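Structural characterization, general
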Amino acid sequence: MAGVVILEDGEGLWRAVRPWVRQGAELLVVTPGALKRELDLPLQCRTALLPGECGDAFRHLRADCAVSYGAGPKDSLTLSSRRGNLLWCAIQRELVTVDGFIVERQEFPLRLPKGMGPLIALAAAGTLLLLGEEPSRLEYALTDEKTPPRLERGER
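The notes below deal with the structure included here. Since we're looking at a predicted model, the values are computed, not measured. (Residues numbered from 1 in each chain as written. Predicted model: local features only at pLDDT ≥ 70, side-chain atom pairs only at ≥ 80, totals over all residues. Heavy atoms only, no water.)

Topic: the environment of Val-30
Here is the rule: The numbering of helices and of strands both runs from the N terminus, where a helix is a DSSP run of H or I of at least 4 residues and a strand a run of E of at least 2. Exposure classes here rest on a 1.4 Å probe applied to the protein chains alone. A residue is buried below 20% of its type maximum, exposed above 50%, and partly exposed in between.
Here Val-30 lies in strand S2 (residues 27-30). What makes Val-30 buried here is its relative accessible area of 1%. Considered as a pair, Val-30 and Leu-13 are 17 residues apart in the sequence and their alpha carbons are 9.6 Å apart.

As structure tokens, then:
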């Protein structure tokens, strides 16, 4: 697998993260909508970002690193609270980016754009984190309130 593959069901994830996607990042991202539609998945990838509710749906997927997101206690990326359009996301355990950097456990704010559900926003945040974006820079990343910064390969 080469590049970033996003399997979604029109939930807006690709539109939200496209400014950050770069050549050479090997990442598979699956949304809950794609999971429900049982879309065909690649059999192998370097890093996978998957809904925590996926159960056995990915038992055939071979990934060097799998990160789950959702509301479950075993998910790596969760929502800790919400106030209006401000979400607080929690990284429950260290994440390894596609470039091999470590993202420590922490909470960070994320503004929810109009028309996007919290779980898709969490998937978008997870995608950006795995592509190397700093958690402290994600608050406005999905909104039009600020222009998203572009990372160069190897930049932190």
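More follows now that the structure is in view.
Digging into helix H3 (residues 118-130)
How we decide: Residue count minus one, scaled by 1.5 Å, sets the expected span of a helix.
Under the 1.5 Å per step criterion, the end-to-end length of H3 is 18 Å for 13 residues, consistent within 8% with the ideal 18 Å. Burial runs high along H3: 11 of the 13 residues are buried. What H3 keeps buried is the set Ile-120, Ala-121, Leu-122, Ala-123, Ala-124, Ala-125, Gly-126, Thr-127, Leu-128, Leu-129 and Leu-130. Downstream of H3 by one or two residues, Gly-132 has phi in the positive range, about 105 degrees.

Some thoughts on the side chain of Asp-75
Let me state the cut-off plainly: The charge count treats Lys and Arg as positive and Asp and Glu as negative. His and the chain ends do not count. Between Lys or Arg on one side and Asp or Glu on the other, a salt bridge is scored when a side-chain nitrogen of the former is within 4 Å of a carboxyl oxygen of the latter. Throughout, a contact is declared for two residues whenever any of their heavy atoms are within 4.5 Å.
By secondary structure assignment, the location of Asp-75 is in the loop between strand S4 (62-69) and strand S5 (77-83). Among buried charged residues, Asp-75 stands out as having no salt bridge; its nearest opposite-charge side chain is Arg-93, 6.9 Å away. Once you skip the residues sitting within four places of it in the chain, Asp-75 turns out to touch Gly-52, Ser-68, Tyr-69, Gly-70, Gln-92 and Arg-93.

Interpretation note: all reported values are geometric properties and have no functional meaning in isolation.
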